[in-house]
Amino acid sequence: MSLLVDRRTKDTFALGKPISSSKQHQTAVAIVGYDEPLTVLTEYPKPRITHPHELIIKNKSIGINPVDWKCHQFRFGIYHFPWINGRESSGIVEDAGEEVREFEKGSKVFIVSTMYRDNRTSTFQEYVAMDSRLVWKLPESIGFSQGAGIGVGLVTATVILLDSFRLSLAENSQHGKTLLIWGGATVVGLYLTQLAKYLGFKVIGIASLQNQAYLQELGAHTVIDRNLPVGQIIDKVSKATTHVDFGVDCASRESTEKLVQILSEVNGKSLKAKYASIVSSHEPASDLVEKREVRIKRFHEDIEFGHQIVRETSKLFENGKIKAVRTKVFRGGIWSVIDALNLLKSKGAQAERYIVELDN
Ligand SMILES: NC(=O)c1ccc[n+]([C@@H]2O[C@H](COP(=O)([O-])OP(=O)(O)OC[C@H]3O[C@@H](n4cnc5c(N)ncnc54)[C@H](OP(=O)(O)O)[C@@H]3O)[C@@H](O)[C@H]2O)c1
């Protein structure tokens, strides 16, 4: 069996088919070098509790995100080898720090990790550490598979509304206002659509028309074909609304430029729309719109803010105001993370989150 050495910690890791995990070790999917394929490590250290609010969670299902392959291919956000990716999962509480009140061993939960530098919180491993104040109880109506794919989309959408646009999650508080989402069928767009509908927005989604019925079911008022020339999209937006108050792009740098053009032409000088892009920071500046940053890391850097997101969105799930989005499930255990990521990279998702079910 070959061994890998983490140059930072000097720990060694065995490579090979998964074996049963011991008290100290577990199986993880790791990046072992920029030009190396993803590798399954069978004796990777299990995370331990390091502060009183922390939980150790045994993962049952893992959500697969575009950033999980992008950071490997484009060499960002990797600080040492082996490096563990994975930003969301669902599972069962295995251990709890002494200040934890809301969870006990056996609680069913789902999580998102915005702590990109802390491998203990990354989810491509059997066990994960997380601050309990940033953990959701898995609602009764949601299984482990669906729950695993909620975190990133829900938190990104909520951060855009609460932090970027400085709104609150109050029902119908935005009645009469319009939100335009380029990339309405991305998972972020699907949660944004649901939350915006709850806030009372008229939601216009720009997506492939194959997703029109699904987007309308989740709360979109109008869905416009993203493949149309931008002039025709502007005409359709103008027919659907007199003005657009907020815009979000979830797709690409090119679509952020188109979003700015749409907001500028539909509103003219009568209203300066606020917009945010989760994919670009380089589009040309315009006097007709106001750009807002998306600070996803505020979720964990400001624990009170993160806890507020968990509390308020938990209620929305309980009351049926939002629901988990569609999933495409891979059932081959942790090894399937590699297949799922390769497929996500080559084919992309279609208004769904890829999920890997662990066989533990
Ligand atoms: N900055 C941040 O904090 C942050 C946070 C989360 C995600 N992200 C990034 O945001 C993007 C979306 O993430 P995600 O997980 O929500 O994506 P996703 O669900 O994997 O996106 C898949 C969807 O993208 C849509 N799409 C692809 N190209 C498009 C285009 N040109 N215009 C409109 N829609 C397009 C497709 O929609 P159709 O089926 O309609 O074609 C498809 O359904 C990714 O690039 C991700 O890395 C950034």
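Model, not experiment: these values are computed from the prediction.

A. Spotlight on the layout of surface pockets. By volume, the largest pocket amounts to about 1,700 Å³. Three or more residues apiece are contributed to the lining of the largest pocket by two domains, here domain 1 (3-150 + 324-357) and domain 2 (154-291).

B. Here's a closer look at the confidence of the model for the protein chain. For the protein chain, per-residue confidence averages 94 on the pLDDT scale, and residues scoring 70 or more make up 94% of the total. Here residues 5-10 scores under 50 on pLDDT; set against residues more than four positions off or in separate chains, the count is 11 contacts.

C. Representation of the site of the ligand within the structure. Neighbouring residues of the ligand: 24 residues in total, closest Lys 70, Trp 182, Ser 208, Asn 211 and Arg 226. A distance of 2.9 Å is found between an oxygen atom of the ligand and a backbone nitrogen or oxygen belonging to Val 188. Summarising the interface, the protein chains cover 82% of the accessible area of the ligand, which totals 940 Å² for the free molecule. Using a 2 Å cut-off from the grid points, one finds that the ligand occupies the largest pocket.

D. Highlighting the sheet that holds strand 16 (residues 289-291). Ordered by their spatial adjacency, 6 strands build an open sheet running 13-12-11-14-15-16, and the pairing between neighbours is parallel. Every interior strand has two partners, whereas the edge strands, strand 13 (222-225) and strand 16, have only one. Recorded for the sheet is a direction-independent mean angle of 20 degrees between the axes of neighbouring strands. Relative to strand 16, strand 15 (residues 273-277) runs parallel, the two sharing 3 bridges. Pairing of Lys 274 across the sheet is with Glu 290, part of strand 16. Along the sheet, helix 4 (residues 187-199) makes contact with strand 11 (178-182), strand 12 (202-207) and strand 14 (246-249), crossing strand 11 at roughly 175 degrees.

E. Layout of the sheet that holds strand 6 (residues 83-84). Across the sheet, which stays open at both edges, the 3 strands sit in the order 4-3-6 with antiparallel pairing between neighbours. A strand with exactly one partner marks an edge of an open sheet, and here the two such strands are strand 4 (39-45) and strand 6. Pairing of strand 3 (residues 25-31) with strand 6, which is carried by 2 bridges, proceeds in the antiparallel orientation. Within strand 6, the position partnered with Ala 30 by the bridge is Ile 84.

F. Spotlight on the packing of helix 6 (residues 230-240) against helix 7 (residues 253-267). The geometry of helix 6 relative to helix 7 is characterised by a closest axis approach of 10 Å and an angle of 45 degrees between their N-to-C directions. If you check the angle between helix 6 and helix 7, you find them oblique. Note on packing geometry: the crossing formed by helix 6 with helix 7 is right-handed. Contact with helix 6, carried on its side by Val 230, Ile 233, Ile 234, Val 237 and Ser 238, involves Lys 258, Gln 261, Ile 262, Glu 265 and Val 266 of helix 7 and no other residues of that element.

G. Representation of the nonpolar core. Grouped together as the largest cluster of nonpolar side chains are 64 residues, with contacts concentrated most on Trp 136, Leu 161, Phe 165, Leu 179, Tyr 191 and Phe 201. Top element by residues in this core is helix 4. It accounts for 9 residues. Residues lining this core come from more than one domain, with at least three contributed by each of domain 1 (3-150 + 324-357) and domain 2 (154-291). Core analysis: the second largest hydrophobic core is formed by 27 residues, Ile 31, Trp 83, Leu 341 and Val 356 among them.

H. A look at the UniProt feature "transmembrane region" (unreviewed entry) in the protein chain. The positions that UniProt labels "transmembrane region" (unreviewed entry) are, in the present scheme, residues 142-162 and 174-192. Helix and strand shares over residues 142-162 are 81% and 0% respectively, and the end C-alpha atoms of the span are 25 Å apart. Along residues 174-192 one finds 32% helix and 26% strand; the C-alpha atoms at either end are 14 Å apart.

I. Highlighting the packing of aromatic side chains. Going through the model one piece at a time under the given rule, you end up with 9 aromatic pairs. Seen in terms of ring centroids, Trp 69 and Phe 74 are 6.3 Å apart; in terms of plane orientation they differ by 50 degrees. Their pairing is tilted. Taking 6.2 Å as the distance between ring centres and 85 degrees as the angle between the ring planes, the aromatic pair formed by Phe 110 and Phe 317 counts as edge-to-face. Pair noted here: Phe 110 is in strand 8 (residues 108-112) and Phe 317 is in helix 9 (residues 303-318), with a separation of 207 residues, a long-range link. Residues Phe 110 and Phe 317 agree in their burial class; the two are buried.

J. Broad picture of the pairing of strand 11. Of all 5 residues in strand 11, 5 are buried; the element is thus mostly enclosed. Here strand 11 shows a buried face lined by Thr 178, Leu 180 and Trp 182 and a second buried face lined by Leu 179 and Ile 181. As judged from the 5 bridges shared by strand 11 and strand 12, these two strands associate in the parallel manner. Looking at strand 12, one finds that Trp 182 is bridged to Ile 206. Handedness of the β-α-β unit built from strand 11, helix 4 and strand 12 comes out right-handed.

Conventions adopted
Residues numbered from 1 in each chain as written. Predicted model: local features only at pLDDT ≥ 70, side-chain atom pairs only at ≥ 80, totals over all residues. Heavy atoms only, no water. 1 Å grid on protein atoms, 1.4 Å probe; cavity = no way out; pocket = protein on both sides within 12 Å on 5 of 7 lines; lining within 4 Å. Points joined across faces, edges and corners; volume = space filled by probe spheres on them. Domains from an automatic or database assignment. pLDDT = per-residue confidence, 0-100. Contact = heavy atoms within 4.5 Å. Near = heavy atom within 4 Å. Polar contact = N/O pair within 3.5 Å; in protein donor to acceptor, adjacent residues only side chain to side chain. Areas by Shrake-Rupley, 256 points an atom, 1.4 Å probe, with all protein chains shown as cover. Sits in = over half its atoms within 2 Å of the grid points. Pairing = 2+ DSSP bridges. Helix = DSSP H or I, 4+ residues; strand = E, 2+ residues; numbered from the N terminus. Axes fitted to C-alpha atoms, helices over the stretch in contact; angles between N-to-C directions. Parallel < 35°, antiparallel > 145°, perpendicular 65-115°, else oblique. Left-handed = near helix turned anticlockwise from the far one by under 90°. Core = buried A, V, L, I, M, F, W, Y, C linked by side-chain atoms within 4.5 Å. Buried < 20%, exposed > 50% of the residue type's maximum accessible area, 1.4 Å probe, protein only. UniProt positions renumbered as here; feature names shortened; annotations may be inferred. Phe/Tyr/Trp six-rings, centres within 6.5 Å; stacked < 30°, edge-to-face > 60°. Right-handed = clockwise from strand over helix to strand, strands pointing away.

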